[in-house]
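# Results of the structural survey
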Amino acid sequence: MWPAALLTYQGVTNTLGPDPTANIELTTGYNTLLLLILSLGISPLRRLIPQLSWLIKFRRLLGLFAFFYGTVHMLTYVALYAGFDLNTMVTDIAKRKFITIGVAAWLLLVPLAATSTNWAIRKLGGKNWNRLHKLVYVAAVCGVIHYWWQVKTGVLSPLRLTVVLAVLLLARPVLAWWQRRKVRVVAA
Ligand code: HEM
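Computed from a predicted structure; not experimentally measured.

### Examining the nonpolar core
By size, the foremost hydrophobic cluster in this structure holds 27 residues, and its most contacted members are Leu33, Leu36, Ile37, Leu40, Val136 and Leu165. Of all the elements in the fold, those that place two or more residues in this core are α2 (20-48), α3 (59-81), α5 (97-114), α8 (135-150) and α9 (159-187). Here this core gets 7 residues from one element, more than from any other, and that element is α8. Setting aside chain neighbours within four positions, we find Val136 in contact with Leu36, Leu40 and Leu112. Membership of the second largest hydrophobic core comes to 6 residues, among which are Tyr77, Ala82, Met89 and Ile99.

### Quick look at a nonpolar patch on the surface
Side chains of Leu45, Leu48, Ile49, Trp177 and Trp178 sit close together on the surface and give an oily, nonpolar patch of about 470 Å² of accessible area. Of all the secondary structure elements, the ones that give two or more residues to the nonpolar patch are α2 and α9. Checked against the element boundaries, Leu48 lands in helix α2.

Quick notes on the rules
Residue positions are given per chain, counted from 1 along the sequence in the order it is written. Local features in this predicted model are restricted to residues of pLDDT 70 or higher, and side-chain atom pairs are both shown and tallied only at a pLDDT of 80 or more, whereas totals for entire chains, interfaces and linings draw on every residue. Excluding hydrogens and water, the side-chain values take into account all heavy atoms of the structure. Joining through side-chain atoms within 4.5 Å is the link that ties buried Ala, Val, Leu, Ile, Met, Phe, Trp, Tyr and Cys residues into a set, and such a set is a nonpolar core. Exposure is judged per residue with a 1.4 Å probe applied to protein chains only, and the accessible area is read against the type maximum: over 50% gives exposed, under 20% gives buried, and values in between give partly exposed. The helix and strand labels rest on DSSP assignments: H or I over at least four residues marks a helix, E over at least two residues marks a strand, and numbering proceeds from the N terminus. Pairs of residues are marked as contacts when any of their non-hydrogen atoms sit within 4.5 Å. By definition, no residue in a patch forms a salt bridge, and every one has over 30% relative accessible area; like charges are joined within 9 Å, nonpolar side chains (Val, Leu, Ile, Met, Phe, Trp, Tyr) within 5 Å. Throughout, the Shrake-Rupley method with a 1.4 Å probe supplies accessible areas, and for residues the shown protein chains are the sole cover considered. Salt bridge, as applied in this entry: a Lys or Arg side-chain nitrogen positioned within 4 Å of an Asp or Glu carboxyl oxygen.

Below, the structure is given as structure tokens:
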């Protein structure tokens with residue numbers, strides 16, 4: 001909650017900086033992506049270091065916080081960038097590809113947040129729930145593309161999160177292969 005608390009404090013004390021709208025938009029956008037990527041890191045970390053299995057308790061929390069920041073980010077755009085003007089939003093979504101992919105990323109997060117309760121997991125069944133929640137990878141990739149498309153040419157600030165996400169995407173098949181190999185060795 002630290003970034004949200006800081007933004008609130010800065011808002012109340014009028015210290016959001018020379019461009020308060022950009023400050024809110026950049027802080028919420030960055031934290032959406034950071035929290036998504038952190039939530040994705042938990043499963044591979046558990047497989048690699050079983051002693052860290054307790055981290056699983058925080059995966060849903062991280063995902064829901066990512067959705068919270070993503071929604072504040074989207075609402076900041078709707079209220080402060082587009083001024084609730086539907087025409088501006090439709091034109092932006094159609095013409096500015098970084099907005100289009102940002103909207104896609106947010107829309108992908110909606111069914112994930114909506115099915116995050118124990119009740120939804122039971123209703124969907126573990127297998128379907130897992131399948132649906134793979135969308136988080138697609139949302140994170142869209143988020144990274146959105147980040148690259150909104151920075152000026154030559155600015156490399158999205159690189160760090162891009163590398164972390166690439167490692168996590170690669171870790172999935174590598175860890176699955178490693179686990180299969182371990183099972184074969186034990187069975188042999
Ligand atoms: C309705 C959906 C979205 C809209 C309309 C939107 C719009 C924007 C806008 C206008 C900016 C640029 C702010 C500026 O240059 O002043 C921005 C930046 C950003 N957005 Fe989004 N976005 C959306 C969804 C998302 C989602 C779902 C994520 C993450 C998964 C995300 C991550 C980011 C990041 C990382 C930045 C750059 C932050 C930085 O430079 O530090 N956005 N977004």
